[in-house]
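# Breakdown of the fold
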Amino acid sequence: MEPQPAPDRSAADDVTGAGVPTARHRPVAVAAGALLAVGLLAGCGVRLEAPPAGEPVPDSLEVVRRTAVADALLVADGAEAALEELPTSRKRVVAELTRIAADSREQAEALGGEYDSGLATGAPTDAPSSAWDKATPADVVEALDDAAARSRTAAGSTGDGPLARLLASVGAAQTVSGERLAALVDVAGPDIVEPRVPEPADADEGDEGDEGDEDDAEEDAPQEAASPGSPTDDATATGQDAGGSSAQDDDTVPEGLTPHDLSTLVVSEDATRYALQLRAAIGSGTTRDRLLERVAVHAQRADGWAAVAGTQATADDPRRAAYAVPRVADQGDKALVIDLETDLATDYATLVGTTAAGTRAVLVDLLVDSAVALDDWGAEPEPFPGLPEQAGDDAAA
């Protein structure tokens, strides 16, 4: 029996019907059809895309940072607007406003600058670049006062240590700038908080014992509810007093101070007291009075930190009978005070960054006090008092 010839495949394909693919060809045809459908949809303008990205919601730290940047830029814009209206004959005011504008922009940059997500916001491109149509030096003083108060308060309450340190320094610089400009244009300057080292929590326990019954009675008595919107409510809610300090921790010992930190503060304050007292002993007139005034301030602070450390009048008290006086003393009173107060400003700025939020307001205020003292004794104003690394960057630039 002879073998039958193999069936003709082309004929078999034709049997399925003209133009109808066999099962072997069907996947290729399906894929081609899908590509054709996508092409048609694309031609009709239909896009299978994710919704556009939205602006991220800032967290609390970012809100603090953006507020500080906005304050610094507002001061800079105000100073530049005031310069446009000011006659060039007022050279000292012109120089001060020029410095304030430059320092404020430098502070905004150090704080991270304005946030830009890179997303289209729909804002008009021809929006004004400044919030000021025109400004006077007095307006700039007010803007500096407001900015300084917010910076100092944020420095005391923010949970980020490095940001708190930077904010405290910026607030100190804004306070100094406000005072300098206010003196030149004869307007009221910023409110300056007089810092005082808080007493340790157990300092008054002996006195409280005799009044324990009265305290218990007061605790048991019903408290009168404050009316909503009262000044007390506002102060409690914001954590601020009229001067911009954090009211809740004015009498609180900063949490996070180590025994070494406290010993350093005691010695630094006492060594400053000693050097200024020696200088006052050979001085006279107004300069001697000014030196003795700072002697009393630093002696009180040395006592205060020793009490906080628990070393006051003990064998562990780190204070000494005499200290080496900085060599700049040979250059005069001004050089000595500037050297000593600069070191203290650095100490307090550093501790702002290492202590707990809500307890460090006194350290912020002490940094401001040192910055103001530096200005009072003729130091050149700095955009970042207490931050030597920033001063190094400026010098390098």
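Small disclaimer: the values here were computed from a predicted structure and weren't measured. Within each chain, residue numbers correspond to sequence positions counted from 1 in written order. Thresholds applied to this predicted model are a pLDDT of at least 70 for local features of residues and 80 or more for the giving and counting of side-chain atom pairs; totals over whole chains, interfaces and linings are not thresholded and use all residues. Only hydrogens and water are set aside when side-chain values are computed; all heavy atoms of the structure are taken into account.

## A word on the overall build of the protein chain
Heads up, the rule is: Only DSSP runs of H or I with at least four residues qualify as helices, and only runs of E with at least two residues qualify as strands; both kinds are numbered from the N terminus onward. For every residue, the accessible area (1.4 Å probe, protein chains only) is compared with the maximum for its type, and the residue is labelled buried under 20%, exposed over 50%, or partly exposed between those bounds. Methods summary: accessible areas were calculated by the Shrake-Rupley approach with a probe of 1.4 Å, and residue burial reflects only the protein chains presented.
Within the protein chain, the secondary structure is distributed over 14 helices and zero strands. Going from N to C terminus, the protein chain has its helices and strands arranged as α-α-α-α-α-α-α-α-α-α-α-α-α-α. The proportion of buried residues among the 397 residues of the protein chain is 37%. Just so you have it, the protein chain exposes about 23000 Å², and 53% of that area is on carbon and sulfur atoms.

## Some thoughts on the side chain of S268
Heads up, the rule is: The term polar contact refers here to a pair of N or O atoms within 3.5 Å; inside protein, the definition further demands a hydrogen-donor-capable atom paired with an acceptor-capable atom, and it admits residues adjacent in sequence only when both atoms are side-chain atoms. Any pair of residues with heavy atoms lying within 4.5 Å of one another is described as a contacting pair.
For S268, the location among the structural elements is in helix α10 (residues 259-281). Within polar-contact distance, the side chain of S268 engages the side chain of D347 at 3.3 Å. Contacts of S268, omitting those with residues within four sequence positions, involve L344 and D347.

## A few points about the pattern of salt bridges
What counts here: By salt bridge we mean one thing: a side-chain nitrogen of Lys or Arg within 4 Å of a carboxyl oxygen of Asp or Glu.
For the structure on display, the rule yields 17 salt bridges. Here R180 ties to D375 by a salt bridge, and the two come within 2.7 Å at their closest N and O atoms. One end of the pair, R180, is in helix α6 (residues 161-185); the other, D375, is in helix α13 (residues 361-376), and 195 residues separate them in sequence. Relative accessible area serves as the criterion here: at 16%, D375 is assigned to the buried category. R294 serves as the salt-bridge partner of D369, at 3.2 Å between the closest nitrogen and oxygen. Of this pair, D369 sits in helix α13 while R294 sits in helix α11 (residues 285-309); the two residues are 75 residues apart in sequence, bridging distant segments of the chain. Each of the two residues, D369 as well as R294, counts as buried.

## A short note on the packing of helix α3 (residues 60-85) against helix α4 (residues 91-110)
Inclusion rule: Axis lines are fitted to C-alpha atoms, over the contacting stretch for helices. Their N-to-C directions set the angle, which ranges from 0 to 180 degrees. Any angle that falls under 35 degrees is termed roughly parallel, while one over 145 is termed roughly antiparallel, one within 65 to 115 roughly perpendicular, and all others oblique. Crossing chirality is assigned from the near helix's rotation relative to the far helix, an anticlockwise turn below a right angle marking it left-handed and a clockwise turn marking it right-handed. Polar here means any residue outside two lists: the nonpolar Ala, Val, Leu, Ile, Met, Phe, Trp, Tyr, Cys and Pro, and the charged Asp, Glu, Lys and Arg; Gly therefore counts as polar.
Between α3 and α4, the least distance of the axes is 8 Å, while the angle of their chain directions is 155 degrees. Taken together, the axis directions place α3 and α4 in an arrangement best described as roughly antiparallel. Both α3 and α4 take part in a crossing whose hand is left-handed. Contacts between α3 and α4 involve V69, A72, L73, V75, A76, D77, A79, E80, A82 and L83 on the former and, on the latter, V94, L97, T98, I100, A101, S104, R105 and A108. Each residue belonging to the contact of α3 with α4 can be placed in one class, and the counts come to 13 nonpolar, two polar and three charged.

## So, empty space enclosed by the protein
Rules: Lining residues are defined by having an atom within 4 Å of a point belonging to a cavity or pocket. Those points lie on a 1 Å grid over the protein atoms alone, cavities being sets where a 1.4 Å probe fits but cannot get out and pockets being open sets with protein on both sides within 12 Å along at least five of seven lines. Grid points are joined across faces, edges and corners, and a volume is the space filled by probe spheres set on the points.
With the rule as written, the count across this model stands at three cavities of 30 Å³ or more. Counted as a void, the largest cavity has a volume near 50 Å³. Mapped onto the lining of the largest cavity, the elements with two or more residues apiece are α4 and α6. With five residues, α4 is the largest single contributor of residues to the lining of the largest cavity. Across the lining of the largest cavity, the residue classes break down as four nonpolar, four polar and three charged.

## Things to note about the confidence of the model for the protein chain
Rules: On a scale of 0 to 100, pLDDT captures the predictor's confidence in every residue.
The predicted model of the protein chain averages 81 in pLDDT, with 69% of residues at 70 or higher. Within the model, pLDDT remains below 50 along residues 11-21, and this stretch shows three contacts once partners closer than five positions in the same chain are excluded. Long-range and interchain partners of residues 206-248, a stretch whose pLDDT sits below 50, account for 29 contacts in this model, where long-range means more than four residues apart.

## Considering the packing of aromatic side chains
The cut-off we apply is this: Ring pairs are drawn from Phe, Tyr and Trp, using the six-membered ring of Trp, whenever the two centres fall within 6.5 Å, and their geometry is named by plane angle: stacked under 30 degrees, edge-to-face over 60, tilted for the rest. A ring has a charge above it when a Lys NZ or an Arg CZ is no more than 6 Å from the ring centre and no more than 35 degrees off the ring normal.
Inspection of every chain in the model, using the stated rule, returns one aromatic pair. Seen in terms of ring centroids, Y274 and Y323 are 5.8 Å apart; in terms of plane orientation they differ by 65 degrees. Their pairing is edge-to-face. Here Y323 lies in the loop between α11 and α12 (333-352) and Y274 lies in helix α10, a separation of 49 residues in the sequence. Judged by its relative accessible area of 17%, Y274 is buried. For R66, the ring lying beneath its charged end belongs to Y115, and the centroid distance is 4.3 Å. The ring of W377 is capped by R290, whose NZ or CZ atom sits 3.9 Å from the centre of that ring.

## Considering the layout of surface pockets
The calculated volume of the largest pocket comes to roughly 620 Å³. At the level of secondary structure, the elements contributing two or more residues to the lining of the largest pocket comprise α11 and α13. For the lining of the largest pocket, the element with the most residues is α11, which contributes nine residues. Its residues placed into classes, the lining of the largest pocket shows 11 nonpolar, two polar and 10 charged. Empty space within the second largest pocket amounts to approximately 270 Å³.

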